[in-house]
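Each chain, letter by letter, is given below.
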Amino acid sequence: MKSIGFLSFGHWSPTQGSAVKSASDVLLQSIDLTVAAEELGLNGAYFRVHHFARQLASPFPLLAAVGARTKSIEIGTGVIDMRYENPFYMLEDAGSADLISGGRLQLGLSRGSPEQVIDGWRHFGYAPEPGETHADMARRHAEVFLDLLEGKGFAQPNPQPMFPNPPGLLRLEPVPDGLRERIWWGAASNATARWAATLGMNLQSSTLKIDETGEPFHVQQANQIRAYRDAWKDAGHARSPRVSVSRSIFALTNDQDRYYFGRGKESDQIGIIEETRAIFGRGYADEPDRLIEALKGDEAIAEADTLLLTVPNMLGVDYNVHVIESILKHVAPALSWR
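The structure presented is a predicted model; accordingly, all values stated were derived computationally and were not measured.

Caption draft 1: Region of interest: the packing of aromatic side chains. For the structure on display, the rule yields ten aromatic pairs. Ring centres of Trp185 and Trp195 lie 4.8 Å apart, and the angle between their planes is 75°; on these two criteria the pair is classed as edge-to-face. With Trp185 in strand S6 (residues 183-186) and Trp195 in helix H5 (residues 190-198), this pair connects stretches of sequence that are ten residues apart. Given a relative accessible area of 19%, Trp195 falls into the buried group.

Given below as structure tokens:
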């Protein structure tokens, strides 16, 4: 059994053929897709965050709106680029969105991915400290955020406040119960996966990973998950962690599916990101019976408890509902995901 969600990159473009022509379209359609996904019985709705791009950016207004329109589905991010974030303001936003949703927020954080602009986080007022890399800065911001989620007071109260204060040092508000255990880290390497485990964060592993061994992507990702779980056990955390992987999976059940995704078998790809060799995992698109057989061989999906289906959001809500429903109906039962 797996928790199954969708992951939307939230693209929009005014070009011909796009069903998502504006920022307004992508926000409103993201809400509608989540409502429909909940009705289908999907477990989660996750959104990617990119800055300086025609994609979803600031996640918390969307998460709050989705939380207000739904009742049971998990809502989250995959991922928030922590190089851009003020952990203090982020805590207030996240706490509010979590309370509106009734405790369904699942926040995926990360050091971020290649961007549309050079050092975009500098425009947000952030810069690495002496001796830090931008990745170090992201992890530092994340650690501050985790500390704030503990809910301990740290600020000296004003002796003449506008409103009465509780005794002792003050904390930011609100800090909802349980959110600390619903924080995930998007790890591209085995080392950062182990770091996330040490800090008690769940693991999000996507379709991109540092190529550390030259093995197929799904094998490297499965080994990363095992290394993460070993580090979690060594850290002595009381609860069991959650692990998600994301995949592009399309069951070809009609001519429209075949037109969009019937290109033949895909394979892993190798690329260079910031002078580092990276491996990009293949997508899956086939007739349901052959798709099921191909997915049986994916070691990382087998290792994970949560699967995020990347959706082609620019094809519109109705088509994406069909994509999700096809997986739930034709694929998930045969693989014992449901």
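Caption draft 2: Layout of the packing of helix H3 (residues 87-101) against helix H4 (residues 134-149). Viewed as axis vectors pointing N to C, H3 and H4 meet at an angle of 50°, and their least axial separation amounts to 9 Å. The orientation of H3 with respect to H4, classified from their angle, is oblique. Read as a crossing pair, H3 and H4 show a hand that is right-handed. Across the interface between the two elements, Pro87, Phe88, Met90, Leu91 and Ala94 from H3 touch His141, Val144, Phe145, Leu148 and Leu149 from H4. For the contact of H3 with H4, a count of residues per class yields nine nonpolar, one polar and no charged.

Caption draft 3: Structural detail: helix H1 (residues 23-40). Between the first and last C-alpha of H1 there are 26 Å, a value that for 18 residues agrees with the 26 Å anticipated at 1.5 Å per step. Summarising the contacts, the buried residues of H1 are in contact with strand S1 (3-8), strand S2 (44-47), helix H2 (60-69), strand S3 (74-77), strand S14 (306-311) and helix H10 (317-331). The first or second residue beyond H1 is Gly41, which carries a positive phi of 95°.

Cut-offs used in this document
Residues numbered from 1 in each chain as written. Predicted model: local features only at pLDDT ≥ 70, side-chain atom pairs only at ≥ 80, totals over all residues. Heavy atoms only, no water. Phe/Tyr/Trp six-rings, centres within 6.5 Å; stacked < 30°, edge-to-face > 60°. Helix = DSSP H or I, 4+ residues; strand = E, 2+ residues; numbered from the N terminus. Buried < 20%, exposed > 50% of the residue type's maximum accessible area, 1.4 Å probe, protein only. Axes fitted to C-alpha atoms, helices over the stretch in contact; angles between N-to-C directions. Parallel < 35°, antiparallel > 145°, perpendicular 65-115°, else oblique. Left-handed = near helix turned anticlockwise from the far one by under 90°. Contact = heavy atoms within 4.5 Å. Nonpolar A, V, L, I, M, F, W, Y, C, P; charged D, E, K, R; others polar. Expected span 1.5 Å × (residues − 1).

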